[in-house]
Amino acid sequence: MKILHTADIHLGAKNSRIPIDKQSIIKSENLMMIQNLFDMAYKDDYDVVLICGDLFHTKNVTQKVKNNFFDNVKNFSRPVIYIKGNHDENFEFENIPNNFIVLNEMKPYIEINGVIFWTILQKEILFRDFDKSKKNILLLHGDIENSTDNDFVNIKDINQIPFDYVAMGHIHQFKQYNFNNVPYVYSGSLFSNGFDECGEKGFVEINIDEKKTNYKFIPFSKRCYRICESDITNINSQKGIIDKIKNDLENQGCKSCDLIKLILTGYFEENTDKNINLILDSFQSKYFYIEIEDKSKLKINLEDYKNEKLSFKAEFINLVENKSELDEKQKSKICQIGIEALKGEDLSI
Ligand SMILES: [Mn+2]
């Protein structure tokens, strides 16, 4: 049996940080991606699709989004098995296609062609009816590692059960664990919705037969959110800075369809002309979305200030340098921050 494991699709979610025209492109694009996913799953002979929670971002998604999704499920015509997540636990499933199977307290498991798909919603039934002679897959939504997460799921009492695979949702990054030789796998989200979910997104393909269970992550999302750094130390012209950023973005794997947060770091000279809006402008046509966070600092040459006459800055530097209880590193840090403060710059703390 060939199974597609996905989770955390969050249909109806938006990233209000990006301009509204780009938000609307992504919204429509995500609906199209769902169609691509089911078309591909049909063509590539997946027998079952698993959706491990947070399919919808809230219970109040538009009718268009719902209809769009369920039309694709209907066309797929093979079983699509779903469990609720923390975002869509109150979602009302009405008029859904017959092949969309919601596992819940009333229906805690289902068997399809010798493979049993379980939830932990009725543990007594799970412990009572578990049949080692069959193939068993558990669907789970929640955080199994961090007990301070509101959606923590304690697996202590179930990790002795010899499932063939545990399909999980909630963590938006592909992640795999192994407990007692059972793979516990987060597929990650299908596409991401912000800079807190950087990197490649996709789904997991599971192949399960009599002898073995294999699985692998398959990248699927068209766009990636990426956070990139560019150190502009020793570059003293606007053009030089732009060229450096261009190289850094390319070297860090950024593609034109990506959403990029660029962080400028390092120290620039007093006479360097650094205009963030001009820099931004020269990259906006190259990438789908780019924003810049400028953490670069003015380079302060202490020797220059030290020799100034009747200068508060010179007095300050001399005062710090005469402090025998400070080591050289501490002195230079204090001088840098002090002069920044006196010049009205942002402090490099
Ligand atoms: Mn969740």
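Residues numbered from 1 in each chain as written. Predicted model: local features only at pLDDT ≥ 70, side-chain atom pairs only at ≥ 80, totals over all residues. Heavy atoms only, no water.

Trainee: Describe empty space enclosed by the protein, with residues and values.
Mentor: One pass over the full model with this rule turns up one cavity of 30 Å³ or more. By volume, the largest cavity is sized at about 110 Å³. What lines the largest cavity is simply Ile26, Glu29, Asn30, Met33, Phe191, Ser192, Ser221, Lys222, Arg223, Tyr225 and Leu259. (1 Å grid on protein atoms, 1.4 Å probe; cavity = no way out; pocket = protein on both sides within 12 Å on 5 of 7 lines; lining within 4 Å. Points joined across faces, edges and corners; volume = space filled by probe spheres on them.)

Trainee: Just give me the short version of helix H2 (residues 63–76), but keep the residues and values in it.
Mentor: Its 14 residues place the ends of H2 20 Å apart at the C-alpha level, agreeing with the 20 Å of an ideal helix rising 1.5 Å per residue. Residues of H2 that are buried include every one of Val65, Phe69, Phe70, Asn72, Val73 and Phe76, and no others. End-on, the buried residues of H2 take up no more than an arc of 150°, which puts them together on one face. Turned more than 90 degrees off the buried face of H2, the exposed positions are Lys64, Lys74 and Asn75. Where the residues of H2 are buried, they touch helix H1 (20–43), strand E2 (48–52), strand E3 (80–83) and strand E4 (100–102). (Helix = DSSP H or I, 4+ residues; strand = E, 2+ residues; numbered from the N terminus. Expected span 1.5 Å × (residues − 1). Buried < 20%, exposed > 50% of the residue type's maximum accessible area, 1.4 Å probe, protein only. Arc of directions from axis to C-beta. Contact = heavy atoms within 4.5 Å.)

Trainee: Tell me about the packing of aromatic side chains, residues and numbers included.
Mentor: Inspection of every chain in the model, using the stated rule, returns 25 aromatic pairs. Ring centres of Phe69 and Phe100 lie 6.1 Å apart, and the angle between their planes is 90°; this geometry places the pair in the edge-to-face category. Placement of the pair is Phe69 in helix H2 and Phe100 in strand E4, with a sequence separation of 31 residues. Summarising the burial analysis for this pair, Phe69 and Phe100 share the class buried. In this structure an aromatic cluster arises from ring pairing among Phe38, Phe56, Phe69, Phe70, Phe76, Tyr82, Phe91, Phe93 and Phe100. Between Lys22 and the ring centre of Phe288, over which it is positioned, the NZ or CZ distance is 5.4 Å. Over the face of the ring belonging to Phe288 we find Arg223, whose NZ or CZ atom lies 3.8 Å from the ring centre. (Phe/Tyr/Trp six-rings, centres within 6.5 Å; stacked < 30°, edge-to-face > 60°. Lys NZ or Arg CZ within 6 Å of the ring centre and 35° of its normal.)

Trainee: For the domain arrangement of the protein chain, give the residues involved together with the corresponding values.
Mentor: When cut into domains, the protein chain gives domain 1 (2–219), domain 2 (225–298) and domain 3 (302–343). Its C-alpha centre places domain 2 at a distance of 31 Å from the equivalent point of domain 3. Facing four residues of domain 2, the contacting portion of domain 3 comprises four residues. Of all residues in domain 2, Tyr267, Glu270 and Leu298 give up the largest surface area on contact with domain 3, accounting jointly for 84% of the area buried on that side. Where domain 2 touches domain 3, the interface holds zero salt bridges. Counting across the domain 2 and domain 3 interface gives one residue pair in polar contact (both at pLDDT 80 or more). (Domains from an automatic or database assignment. Buried area = accessible area lost by both parts, 1.4 Å probe. Salt bridge = Lys/Arg side-chain N within 4 Å of Asp/Glu carboxyl O. Polar contact = N/O pair within 3.5 Å; in protein donor to acceptor, adjacent residues only side chain to side chain.)

Trainee: Please give an account of the layout of surface pockets that cites residues and values.
Mentor: Within this model, the largest pocket holds a volume of roughly 490 Å³. Every residue lining the largest pocket is counted, 27 residues in all, and those nearest its centre are Gly12, Ala13, Lys27, Ser28 and Val65. Counting residues per element, the ones that place at least two in the lining of the largest pocket are H1 and H2. If you tally residues by element for the lining of the largest pocket, the top one is H1, at eight residues.

Trainee: Outline the pattern of salt bridges, supporting the account with residue identities and numerical values.
Mentor: Counted according to the given criterion, the structure contains 21 salt bridges. Between Arg223 and Glu29 there is a salt bridge, with the nearest N and O atoms lying 2.7 Å from each other. Of the two residues, Arg223 sits in the loop between strand E12 (213–219) and strand E13 (225–231) while Glu29 sits in helix H1, which places them 194 residues apart along the sequence. A salt bridge links Lys84 to Glu105; its shortest N-O distance comes to 4.0 Å. Highlighted residues: Lys84 in the loop between E3 and E4 and Glu105 in the loop between E4 and strand E5 (109–112), separated in sequence by 21 residues. A relative accessible area of 37% places Lys84 in the partly exposed class. Salt bridges here are not isolated pairs; linked through shared partners, they connect Glu29, Lys222 and Arg223.

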